[in-house]
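Secondary and tertiary structure notes
As a plain string of letters, each chain reads:
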Amino acid sequence: MTSKDWLTKARAENFAIGAFNIDNLDILKAVCTAAVSRKSPIIVEFSQGEVDYFGLENIVDLVKNAREEYKIPLLLNLDHSKKSEQTLKVIEIGGFDNVHFDGSDLGFEENIEEAKKVVSAAHAKGVLVEGEFNRIAGSSQVHTEEIDLEELSKSYTDPKGAAEFVTKTGVDILAPIFGNVHGTFPIEPDLDMSLLKEIREAVGDTFIAMHGGSGIAADQVKEAINVGGIVKVNVNTELRSAFKDAFSESFEENPKEYAYYNLTPDVILAIAAVVEAKIDVFGSANRL
Ligand code: G3H
Ligand code: ZN
């Protein structure tokens, strides 16, 4: 099944597929382990820093090998690619199922022009494109500062703009903002479900992705999947945080161990438990 087939199935059957950021090899192993145990399709994704760390060609090979090893539907997404040239290069290299061209730092019109170039190259190769025009606040880490909720609400997606953006660009997936933020914060806003409903109605058949999947209460995520027909939920911070906590513990408890791979089996299990819990919330278990 192609990426489009999976997203279509998710929308028809009312579940979302987790798009998990791969910050290191242990996280990749954990995500695959969880997908196997829950019989779930999965998206693995790499943002710019993660691409720089692994190298593009290594990512393609790692994911290809993981598909063979774990025998699960494993889709590969380029996450928050800010430059159209870089996005086009990834499409050219091949091996990616989806690319997220994030032109939200550009003006609306320029974003549309750049996104159109990406869509045309991607569709020629059967790759799906995700677009974004409102910049999502925060970064994928545990934030200790408070969010200015009033200020944040100014960045929420305008449904009319969403309709114009998807019509003019032809993107397959839209990443709107309706209370979702990157990273976790001491207090997070509730998701604006009525705005999400309006966005869904405005974008027609375009798939909707929810970024900032860490730190949102399970009942809100479930409601957003129902109300918004969300088919993809991006998760990064909770995986990074599980890795850091579990690895620190393993490191402290084994002062005489020098082989990295002997420190990580429990770390992988701890991250896999987080991924399994997300899969349960997204409703993607037993869909193979
Ligand atoms: O694109 C990546 C995600 O939106 C991750 O967000 O770090 O809040 O889970 P998160
Ligand atoms: Zn994101």
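Source: prediction; values computed, not measured.

**Some thoughts on the layout of surface pockets**
Roughly 420 Å³ of volume is contained in the largest pocket. As for the largest pocket, its lining consists of 28 residues, of which Ser47, Asp79, His80, Ser140 and His182 are closest to the centre. Listing elements by their share of the lining of the largest pocket, those giving two or more residues are α3 (48-54), β3 (74-81), β8 (230-235) and α11 (237-253). Considering each element in turn, the lining of the largest pocket owes the most residues, three residues, to α3. Residues that form the lining of the largest pocket fall into these classes: two nonpolar, 18 polar and eight charged.

**What about helix α2 (residues 25-38)?**
An ideal rise of 1.5 Å per residue puts 20 Å on 14 residues; α2 measures up with 20 Å between its terminal C-alpha atoms. For α2, the full list of buried residues reads Asp26, Ile27, Leu28, Ala30, Val31, Cys32, Ala34 and Ala35. The N-cap residue of α2 is asparagine 24: its side-chain oxygen and the backbone nitrogen of aspartate 26 are 3.0 Å apart. The first or second residue beyond α2 is lysine 39, which carries a positive phi of 50°.

**Examining the nonpolar core**
Judged by nonpolar contacts, the single largest core of 81 residues is most densely connected at Val31, Val44, Phe46, Met210, Ile230, Ile271 and Phe282. Valine 31 has contacts with Phe20, Ile22, Ile42, Val44, Leu239 and Val275, leaving out every residue within four places of it along the chain. Core analysis: the next-biggest nonpolar cluster, separate from the first, contains 13 residues, Trp6, Ile17, Ala19 and Ile43 among them.

**Topic: a negative patch on the surface**
Among the surface-exposed residues, Asp245, Glu249, Glu252, Glu253 and Asp266 lie close enough to one another that they form a single negatively charged patch. Top contributing element to the negative patch by residue count: α11, with four residues. Among the secondary structure elements, aspartate 245 is positioned in helix α11. Residue class for aspartate 245 comes out exposed when judged on its relative accessible area of 53%.

**Here we look at the sheet that holds strand β5 (residues 128-132)**
Strand pairing in a sheet is mediated by backbone hydrogen bonds. Such pairs are either parallel or antiparallel. Pairing in this closed barrel of eight strands is parallel, and the strands run β1-β2-β3-β4-β5-β6-β7-β8 around the ring. With respect to the sheet, helix α13 (residues 265-282) is in contact with β1 (17-21), β2 (42-46) and β8, its orientation differing from that of β1 by roughly 150°.

**Some remarks on the site of ligand 1**
In the vicinity of ligand 1 lie 16 residues, with Ser140, Gly183, Ser214, Asn236 and Thr237 positioned nearest. A distance of 2.8 Å separates an oxygen atom of ligand 1 from a polar atom in the backbone of asparagine 236. Threonine 237 places a side-chain nitrogen or oxygen 2.5 Å from an oxygen atom of ligand 1. Here ligand 1 is seated within the largest pocket. Only β3 and β8 provide two or more residues apiece to the shell around ligand 1. Looking at the shell around ligand 1 residue by residue, the classes come out as two nonpolar, twelve polar and two charged.

**Some remarks on the packing of α2 against α13**
Orientation of α2 relative to α13, taken along the N-to-C sense of each, is 50°, at an axis distance of 8 Å. Between α2 and α13, the angle falls in the class oblique. Crossing angle aside, the handedness with which α2 passes α13 is right-handed. Contact residues: Asp26, Ile27, Lys29, Ala30, Val31, Thr33, Ala34, Ala35, Ser37 and Arg38 in α2; Ile268, Ile271, Ala272, Val275, Glu276, Ile279 and Asp280 in α13. Within the contact of α2 with α13, the residues separate by chemical class into ten nonpolar, two polar and five charged.

**Structural notes on the pattern of salt bridges**
Taken as a whole and judged by the stated rule, the model has 18 salt bridges. With a shortest N-O distance of 2.6 Å, lysine 232 and glutamate 130 are connected by a salt bridge. Taken together, the positions of lysine 232 in strand β8 and glutamate 130 in strand β5 put the pair 102 residues apart, joining distant regions of the chain. One salt bridge in this structure joins lysine 197 and glutamate 201, with 3.3 Å as the shortest N-O distance. Residue lysine 197 and its partner glutamate 201 are located together in helix α9 (residues 193-203), separated by four residues, close to a single helical turn. For lysine 197, a relative accessible area of 45% puts it in the partly exposed group. One continuous salt-bridge network, built from bridges that share partners, spans Lys82, Asp102, Asp105 and Arg135.

Conventions and cut-offs
Along each chain, the written sequence defines residue order, and numbers are assigned to residues from 1. As they are written, the chains are lettered A onward and the ligands numbered 1 onward, keeping that order. Local features are withheld for residues below a pLDDT of 70 in this predicted model, meaning they are given only at 70 or higher, and side-chain atom pairs are given and counted only at 80 or more; totals for whole chains, interfaces and linings count all residues. For side-chain calculations, the full set of non-hydrogen atoms in the structure is used, while hydrogens and water are omitted. Both cavities and pockets are sets of points on a 1 Å grid over the protein atoms alone; in a cavity a 1.4 Å probe fits but cannot get out, in a pocket the set is open with protein on both sides within 12 Å along at least five of seven lines, and lining residues sit with an atom within 4 Å of a point. Grid points are joined across faces, edges and corners, and a volume is the space filled by probe spheres set on the points. Each helix corresponds to a stretch of at least 4 residues labelled H or I by DSSP, and each strand to a stretch of at least 2 residues labelled E; elements are numbered beginning at the N terminus. Nonpolar residues are Ala, Val, Leu, Ile, Met, Phe, Trp, Tyr, Cys and Pro. Charged residues are Asp, Glu, Lys and Arg, and all others, Gly as well, are polar. In this scheme, a helix's expected span is set at 1.5 Å multiplied by one less than its residue total. Summary of the burial criterion: residues with accessible area below 20% of their type's maximum are buried, those above 50% are exposed, and those between are partly exposed, where the area comes from a 1.4 Å probe applied to protein chains only. Any pair of N or O atoms that falls within 3.5 Å is considered a polar contact. Within protein, one atom must be able to donate a hydrogen and the other to accept it, and sequence-neighbouring residues count only if both atoms are side-chain atoms. For our purposes a nonpolar core is just a set of buried Ala, Val, Leu, Ile, Met, Phe, Trp, Tyr and Cys residues, chained together by side-chain atoms within 4.5 Å. Residues count as neighbours in contact if any of their non-hydrogen atoms are within 4.5 Å of one another. Note on patches: the residues involved have over 30% relative accessible area and no salt bridge, like charges join within 9 Å, and the nonpolar side chains Val, Leu, Ile, Met, Phe, Trp and Tyr join within 5 Å. Using a 1.4 Å probe, accessible areas were evaluated by the Shrake-Rupley method; residue-level cover was limited to the displayed protein chains. Any carboxyl oxygen of Asp or Glu within 4 Å of a side-chain nitrogen of Lys or Arg constitutes a salt bridge here. In this count, Lys and Arg are taken as positive residues and Asp and Glu as negative ones, while His and the chain termini are left out. A charge is said to be at NZ when it belongs to Lys, at CZ for Arg, at CG for Asp and at CD for Glu. One bridge is not enough; two strands pair if DSSP finds at least two bridges between them. Every angle, taken between N-to-C directions, lies between 0 and 180 degrees, and every axis is a line fitted to C-alpha atoms, over only the stretch in contact when it is a helix. For this description, a residue counts as near a given molecule or strand if any of its non-hydrogen atoms is within 4 Å of it. A cavity or pocket is said to hold a molecule if more than half of that molecule's atoms lie within 2 Å of its grid points. Here is the rule for angles: anything less than 35 degrees is roughly parallel, anything more than 145 is roughly antiparallel, 65 through 115 is roughly perpendicular, and the remaining ranges are oblique. A clockwise turn of the near helix away from the far one marks a right-handed crossing, whereas an anticlockwise turn of less than a right angle marks a left-handed crossing.

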